[in-house]
Amino acid sequence: MVDNRAEVREFLTSRRSRISPERAGLPAGPRRRVPGLRRSEVAALADVSVEYYAKLERGHLAGVSPAVLEAVARALQLDDAEREHLLNLARAADGSDALARPRRRTTRQWTPHRSLQWTLDAVTGGPAFVRNGRMDVLAANPLARAFYADVYADPHNQANLARFNFLDPASRRFYPDWDLAADVAVAILRTEAGRNPHDKELHDLVGELSTRSDAFRTRWGAHNVRHHGTGTKRFHHAAVGALTLAYEGLEMATEPGLTLTVYTAEPGSPSDEGLRLLASWAADRETDTPSPQETG
């Protein structure tokens with residue numbers, strides 16, 4: 001189980017250290033021994049006493065009012081994902097998350113409804129797949145299975161994108177911007193840890209990656225979180241070469257904690273042609289490729 005007080009302490013400390021006095025609209029003052037704001041400055045910006053803010057930063061969020069949490073979020077200039085993470089940590093401190101949240105089903109128990117798989121299969125122009133907050137790929141269309149061929153190629157990856165990112169050497173080729181992909185993967189896992197702090201499988205995954213990957217361990221300690229919604233990524237697929245794809249990540253209202261992601265290419269671009277080639281390659285190999293459920 002996550003040590004909630006340690007999580008709160010490290011998160012608030014890390015957010016405070018990144019904000020300069022100038023950014024907060026405060027005079028820089030005399031030379032500082034550590035980067036970022038002092039506790040007294042955050043307290044003043046949040047309109048609470050120094051003693052009270054120090055108590056919060058020691059990890060005591062139980063019983064803190066939403067108004068105070070919002071004031072702290074403003075003082076630390078938290079973005080939407082960070083603000084939500086702080087609220088999730090506060091819920092965990094109160095114990096309300098255990099009551100309000102249904103137990104998350106494990107990867108092996110979850111199978112997509114037939115209609116969901118039909119929907120994924122109906123997307124023929126780009127990879128489409130469903131993942132959970134641990135970055136397990138739970139369902140995919142044929143193009144996504146071909147797109148993530150390297151992920152499925154090694155059974156040790158267990159159809160998990162974070163495990164592939166940090167433990168499989170093939171990820172260095174697949175992600176030309178590997179450092180960015182690594183940052184995003186860890187931020188997604190860190191966000192899930194705040195949202196679902198009692199997920200044993202997530203704790204096991206984080207422990208495994210922390211033990212086996214210095215790159216993961218360093219990023220995990222940064223306490224960065226994010227909402228993974230829309231953007232553009234570069235890939236290099238072994239069968240078709242370079243691809244620059246836009247993505248849309250949609251939270252599934254009927255399945256809390258699951259995200260439907262679809263990758264597409266700009267029409268008429270080289271990447272659009274690359275996806276057409278990938279679809280042809282996928283069709284040739286689909287009968288020999290196990291499904292994500294079988295490999296996961």
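Residues numbered from 1 in each chain as written. Predicted model: local features only at pLDDT ≥ 70, side-chain atom pairs only at ≥ 80, totals over all residues. Heavy atoms only, no water.

1. A look at the domain arrangement of the protein chain
Stated precisely, the cut-off is as follows: What counts as a domain boundary in this text is fixed by an automatic or database domain assignment. Only heavy atoms enter the contact rule, under which two residues are in contact if any of them lie within 4.5 Å. Accessible surface is computed with a 1.4 Å probe, and the buried area is the amount of it that two parts give up when combined, taken over both parts together. In the sections that follow, a salt bridge refers to a side-chain nitrogen of Lys or Arg positioned within 4 Å of a carboxyl oxygen of Asp or Glu. Counting of polar contacts relies on pairs of N or O atoms within 3.5 Å, with two restrictions inside protein: one atom must be capable of donating a hydrogen and the other of accepting it, and residues adjacent in sequence are counted only when both atoms are side-chain atoms. Under the scheme used here, helices are H or I runs from DSSP no shorter than 4 residues and strands are E runs no shorter than 2 residues, and both carry numbers assigned from the N terminus. Gly falls in the polar group here, along with every residue not listed as nonpolar (Ala, Val, Leu, Ile, Met, Phe, Trp, Tyr, Cys, Pro) or charged (Asp, Glu, Lys, Arg).
On domain assignment, one finds that the protein chain holds domain 1 (2–24 + 35–92) and domain 2 (114–286). Spacing between the C-alpha centres of domain 1 and domain 2 amounts to 31 Å. Across the contact, 13 residues belong to domain 1 and 12 residues belong to domain 2. Buried area between domain 1 and domain 2, both sides added, is near 1100 Å², and the carbon and sulfur share of it is 54%. Inspection of the region where domain 1 meets domain 2 yields one salt bridge. For Arg190, the salt bridge is made with Glu7, and the minimal N-O distance between the two is 2.5 Å. Our enumeration of links across domain 1 and domain 2 arrives at six residue pairs in polar contact (both at pLDDT 80 or more). The leading source of residues in the side of domain 1 that touches domain 2 is helix H5 (residues 80–94), at seven residues. Classifying every residue of the side of domain 1 that touches domain 2 by side-chain character gives four nonpolar, three polar and six charged.

2. Topic: helix H13 (residues 200–212)
In plain terms, the rule: For a helix, the expected span equals 1.5 Å multiplied by the number of residues minus one. Working definition: with a 1.4 Å probe on protein chains only, accessible area under 20% of the residue-type maximum means buried, over 50% means exposed, and in between means partly exposed. Within this analysis, the arc is defined by the directions that extend from the helix axis to the C-beta atoms.
Its 13 residues place the ends of H13 18 Å apart at the C-alpha level, agreeing with the 18 Å of an ideal helix rising 1.5 Å per residue. Among the residues making up H13, those that are buried are Leu202, Leu205, Val206, Leu209 and Ser210. Along the long axis of H13, the arc covered by the buried residues comes to 130 degrees, so they all point the same way. Seen from the buried face of H13, the exposed residues on the opposite side, beyond 90 degrees, are Lys200, Thr211 and Arg212. Elements in contact with the buried residues of H13: helix H10 (161–167), helix H12 (178–195) and helix H14 (214–220). The N-terminus of H13 is capped by Asp199, whose side-chain oxygen sits 3.0 Å from the backbone nitrogen of Glu201.

3. Let's talk about the packing of aromatic side chains
To keep it simple, the criterion reads: In summary, the pairing rule links any two rings of Phe, Tyr or Trp, Trp by its six-membered ring, whose centres are within 6.5 Å, and it sorts them by plane angle into stacked for under 30 degrees, edge-to-face for over 60 and tilted for everything else. Two thresholds decide whether a charge sits over a ring: the Lys NZ or Arg CZ must be within 6 Å of the ring centre and within 35 degrees of the ring normal.
Going through the model one piece at a time under the given rule, you end up with 17 aromatic pairs. Ring centres of Phe147 and Tyr263 lie 5.5 Å apart, and the angle between their planes is 45 degrees; this geometry places the pair in the tilted category. Note that Phe147 is positioned in helix H8 (residues 142–147) and Tyr263 in strand S5 (residues 259–264), a separation of 116 residues in sequence. Considered together, Phe147 and Tyr263 belong to a single accessibility category, that of buried residues. Among the aromatic residues, those joined into a cluster by ring pairs are Phe129, Phe147, Tyr148, Phe164, Phe174, Tyr175, Phe235, Tyr247 and Tyr263. Over the ring of Trp220 we find Arg190, and its NZ or CZ is 3.8 Å from the ring centre. Seen from the ring of Tyr247, Lys233 lies directly overhead, with NZ or CZ sitting 5.2 Å from the centre.

4. Structural notes on the pairing of strand S2 (residues 137–140)
This is how the line gets drawn: Strands are labelled as partners when DSSP assigns at least two bridges between them.
Relative to S2, strand S1 (residues 128–131) runs antiparallel, the two being bridged by three bridges. Across the sheet, residue Arg131 finds its bridge partner in S2, namely Val137.

5. So, the packing of helix H2 (residues 39–46) against helix H4 (residues 66–75)
Formally: Note on definitions: angles span 0 to 180 degrees between N-to-C directions of axes, and those axes are lines fitted to C-alpha atoms, for helices only across the stretch in contact. Here is the rule for angles: anything less than 35 degrees is roughly parallel, anything more than 145 is roughly antiparallel, 65 through 115 is roughly perpendicular, and the remaining ranges are oblique. By convention the crossing between two helices is left-handed if the near helix lies anticlockwise of the far one by an angle smaller than a right angle, and right-handed if it lies clockwise.
Close contact between H2 and H4 brings their axes to 8 Å; oriented N to C, the two are set at 120 degrees. Put simply, H2 runs oblique to H4. As H2 runs across H4, the sense of the crossing is right-handed. Where H2 abuts H4, its residues Val42, Leu45 and Ala46 lie against Ala71, Val72 and Ala75. Taken together, the residues that form the contact of H2 with H4 break down as six nonpolar, no polar and no charged.

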